[in-house]
Amino acid sequence: MTPLPDGRTPWPEEFVDRYWAAGHWRGNTLDNLLRGWALQYGPRTALVHGGTRVTYAQLNRRVDRMAAGFRLLDLRPGQRAVVQLPNVPEFVVTVFALMRAGVAPVFCPLPYRASEVSRLVRVTEAVGYVGPSTYEGFDHTAMAAGIATQGPFLRRVFTYEEPGAESPYGGFTTDPSGCHYVPLGSVDAPPAPARATSADQVAFFLLSGGTDGAPRLVPRTHDDYACQARAAAELVSLTEDDVYLAALPAGSTFAFGCPGVVGTLSVGGTVVLAADPEPAACLPVVERERVTLTSVDPGAARRWLDALSSVGADVSSLRLLQVGGALLPRADAERVGPELGCRLQQVFSMAEGPLTFTRPADPDETVFTTQGRPLSPDDELRLVDAFGEDVPDGEPGELLARGPSVPRGHLRTPDEDARAFTPDGWFRTGTLARRTPDGDLVVTGGIRGGTAENREAAP
């Protein structure tokens, strides 16, 4: 199939028609959805970070002004910008502002350094970089400056400072290579008229582990990601009374849209942003903000359980703990209800979109031992052997997926995509799994590129 001008492989028309007819795709961009949420939930609290609280109206207004500021600083529709920020309100504002300006954010894990970030800039031809001036002792601005000198793409570096901190780089500056350095807080201009953006265009890029260990860029459209976040929010019965704790990096698909940040905002709930998933950082926040649900990996879940008595936090507000990245060992799974007082939900997620969840009403045995069933009724899963033949229930096989939230390719990896996608659109996940007689998935590891839990680029 002929790639689109932005390098994506399109969904065939028959699938486009099917997903529209079923209501999975609704033709609205994520940044425009935020406008509607702000109108509906304006005075409600959208984001919390430490002592900072941001209402929906304030969030949308800041996104409007930052988007206008990006345009004023010569970021243009169709371009890309690498976003490497911690879990702070500016991450959410920046991502939505870039999308509103027509610029696709490229989500970049904080631990990435010059070699990885320069590759992202080169592959995406990113003209912008948004990151901390310095963070935990590492000079991100100096790293970006070094990448800019390699040319020819990076020409705008936006530096984030913690409230009250002063940048060692001062205000707006330009280096000899012609790259401009701008404090993120000064990216501000009177809002411009809304620009038309098609919901089938790329909203942002996620990272996923490649078969050679190098990350691949996954183009997620507005339609397919809105479908994912909305369906996940409905699955866990999210309402405006819910408070979601983003304990994992907000730029991972698990925390961003399973239902995560986007799903919570879609119903008028509150997103609380935490620096890291460690119990000493998170459990007091659960008590203070009356958090109702969160998502963590198995290691963090175990540390929460082990630290609960010593931290002494009241976590009675929790109603759901999502665990993803790998199956939570049964011994730990059985502790969640009695010790945390909430329901456990096991999740399998990938940046490419295949998602399975246990359901809140599932029997304990299903929740303790599986990662559930597909999110959408139009999500198709197959388990196949080395010859591409379907395996019977209970037998291990490679997981293949196809659906309204599963893109048909990665950015600029045609050779690898020829192996990773079948001619009829099935994505070969490289993940080994088996299916129970009840139809639930049990992920057991990886057959290419390592185990299942590292298929999404590590945060």
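These lines cover the structure that appears in this document, whether it is placed above or below. None of these values were measured; they are calculated from a predicted model. (Residues numbered from 1 in each chain as written. Predicted model: local features only at pLDDT ≥ 70, side-chain atom pairs only at ≥ 80, totals over all residues. Heavy atoms only, no water.)

## A look at the overall build of the chain
Step number 1: Assigned secondary structure in the chain consists of 14 helices and 23 strands.
Step number 2: Over its C-alpha atoms the chain spans a radius of gyration of 21 Å, differing by no more than 12% from the 23 Å that the globule rule assigns to 459 residues.
Step number 3: With respect to the principal axes defined by its C-alpha atoms, the chain has extents near 60 × 55 × 40 Å.
Step number 4: Across the 459 residues that make up the chain, the buried fraction comes to 58%.
Step number 5: Contacts spanning at least 24 positions in sequence make up 69% of the contacts within the chain whose residues lie at least 6 apart. (Helix = DSSP H or I, 4+ residues; strand = E, 2+ residues; numbered from the N terminus. Rg over C-alpha atoms; globule rule 2.2 N^0.38 Å. Buried < 20%, exposed > 50% of the residue type's maximum accessible area, 1.4 Å probe, protein only. Contact = heavy atoms within 4.5 Å.)

## Things to note about the packing of aromatic side chains
Step number 1: Per the stated rule, a full pass over the model turns up 13 aromatic pairs.
Step number 2: Aromatic pair Phe-15 and Tyr-19: ring centres 6.1 Å apart, planes at 50°, arrangement tilted. Of this pair, Phe-15 and Tyr-19 both sit in helix H1 (residues 13–21), four residues apart, which is roughly one turn of the helix.
Step number 3: A relative accessible area of 6% places Phe-15 in the buried class.
Step number 4: With a centroid separation of 5.5 Å and 90° between ring planes, the pair formed by Phe-204 and Phe-256 is classed as edge-to-face. In this pair, Phe-204 sits in strand S11 (residues 202–209) while Phe-256 sits in helix H8 (residues 253–257), placing the two residues 52 residues apart along the sequence. Each member of the pair, Phe-204 as well as Phe-256, is classed as buried.
Step number 5: By the ring-pair criterion, three or more aromatic residues cluster together here, those being Phe-91, Phe-107, Phe-204, Tyr-225 and Phe-256.
Step number 6: We note Arg-113 situated over the ring of Phe-138; from NZ or CZ to the ring centre the distance is 3.7 Å. (Phe/Tyr/Trp six-rings, centres within 6.5 Å; stacked < 30°, edge-to-face > 60°. Lys NZ or Arg CZ within 6 Å of the ring centre and 35° of its normal.)

## Describing the sheet that holds strand S21 (residues 397–402)
Step number 1: Read across the open sheet, the four strands follow the order S20-S21-S22-S23; overall the sheet is antiparallel. The open sheet is flanked by strand S20 (380–384) and strand S23 (441–446), the only strands paired with a single partner. Strand-to-strand twist of the sheet, defined as the mean angle between neighbouring strand axes without regard to direction, takes the value 45°.
Step number 2: Here S21 pairs with strand S22 (residues 427–435) via four bridges, running antiparallel. Residue pairing across strands places Glu-398 opposite Leu-432, the latter belonging to S22. (Pairing = 2+ DSSP bridges. Axes fitted to C-alpha atoms, helices over the stretch in contact; angles between N-to-C directions.)

## Digging into the sheet that holds strand S18 (residues 355–357)
Step number 1: Pairing within the open sheet is mixed, and its nine strands lie in the order S2-S1-S14-S13-S15-S16-S17-S18-S19. The open sheet terminates on both sides in strands that have one partner only, identified here as strand S2 (52–55) and strand S19 (373–374).
Step number 2: Pairing analysis gives four bridges linking strand S15 (residues 293–296) to strand S16 (residues 320–324), with the strands arranged parallel. Bridge pairing in S16 places Val-296 opposite Val-323.
Step number 3: Here helix H10 (residues 279–289) sits on the sheet and contacts strand S1 (45–49), S2, strand S13 (243–246) and strand S14 (270–273); the angle it forms with S13, its principal contact strand, is near 160°.

## A word on H1
Step number 1: Residues Phe-15, Val-16 and Tyr-19 constitute the buried set of H1. Along the axis of H1, the buried positions cluster into a sector of 105°, meaning they face one direction only. Facing away from the buried side of H1, by more than 90 degrees, are the exposed residues Glu-13, Glu-14 and Ala-21. (Arc of directions from axis to C-beta.)

## Observations regarding the side chain of His-222
Step number 1: Tracing the backbone through its elements, the reader meets His-222 in helix H7 (residues 222–235).
Step number 2: Looking at His-222, the relative accessible area reads 2%, which means it is buried.
Step number 3: Apart from the residues lying within four places of it in its own chain, the contact partners of His-222 are Asn-28, Thr-29, Leu-30, Asp-31, Met-99, Thr-197, Ser-198, Ala-199, Gln-201, Val-202 and Ala-203.

## Considerations on unusual backbone geometry
Step number 1: Residues Gly-151 and Pro-152 are joined by a peptide bond in cis, for which omega reads 0°.
Step number 2: Structurally, Pro-152 is set in the loop between helix H6 (140–150) and strand S8 (156–160).
Step number 3: For the bond running from Cys-258 to Pro-259, omega is 0°, close enough to zero to count as cis.
Step number 4: Looking at the secondary structure, you find Pro-259 in the loop between H8 and helix H9 (260–266).
Step number 5: In this model, Asp-74 sits at a positive phi of 75°, which is unusual for a non-glycine residue.
Step number 6: Examined against the element boundaries, Asp-74 turns out to sit in the loop between helix H3 (56–72) and strand S3 (80–83).
Step number 7: Backbone geometry places Arg-290, a non-glycine residue, at a positive phi of 55°.
Step number 8: Among the secondary structure elements, Arg-290 is positioned in the loop between H10 and S15.
Step number 9: Given the relative accessible area of 35%, Arg-290 is considered partly exposed.

## A word on the packing of helix H5 (residues 114–124) against H6
Step number 1: Closest axis-to-axis distance for the H5/H6 pair is 10 Å, and the angle between their directions is 45°. Between H5 and H6, the angle is such that the two are oblique. Crossing angle aside, the handedness with which H5 passes H6 is right-handed. Contacts from Ala-114, Val-117, Ser-118 and Val-121 of H5 reach H6 at Met-143, Ile-147 and Gln-150. (Parallel < 35°, antiparallel > 145°, perpendicular 65-115°, else oblique. Left-handed = near helix turned anticlockwise from the far one by under 90°.)

## Section: the nonpolar core
Step number 1: Core analysis: the largest hydrophobic core is formed by 70 residues, its most contacted members being Leu-59, Phe-70 and Leu-265.
Step number 2: The element contributing the most residues to this core is helix H4 (residues 89–100), with eight residues.
Step number 3: Excluding its chain neighbours within four sequence positions, the residues that come into contact with Leu-59 are Leu-34, Ala-46, Leu-47, Val-54, Val-92, Val-93 and Leu-265. (Core = buried A, V, L, I, M, F, W, Y, C linked by side-chain atoms within 4.5 Å.)

Function-wise, these values are silent; they only describe arrangement.
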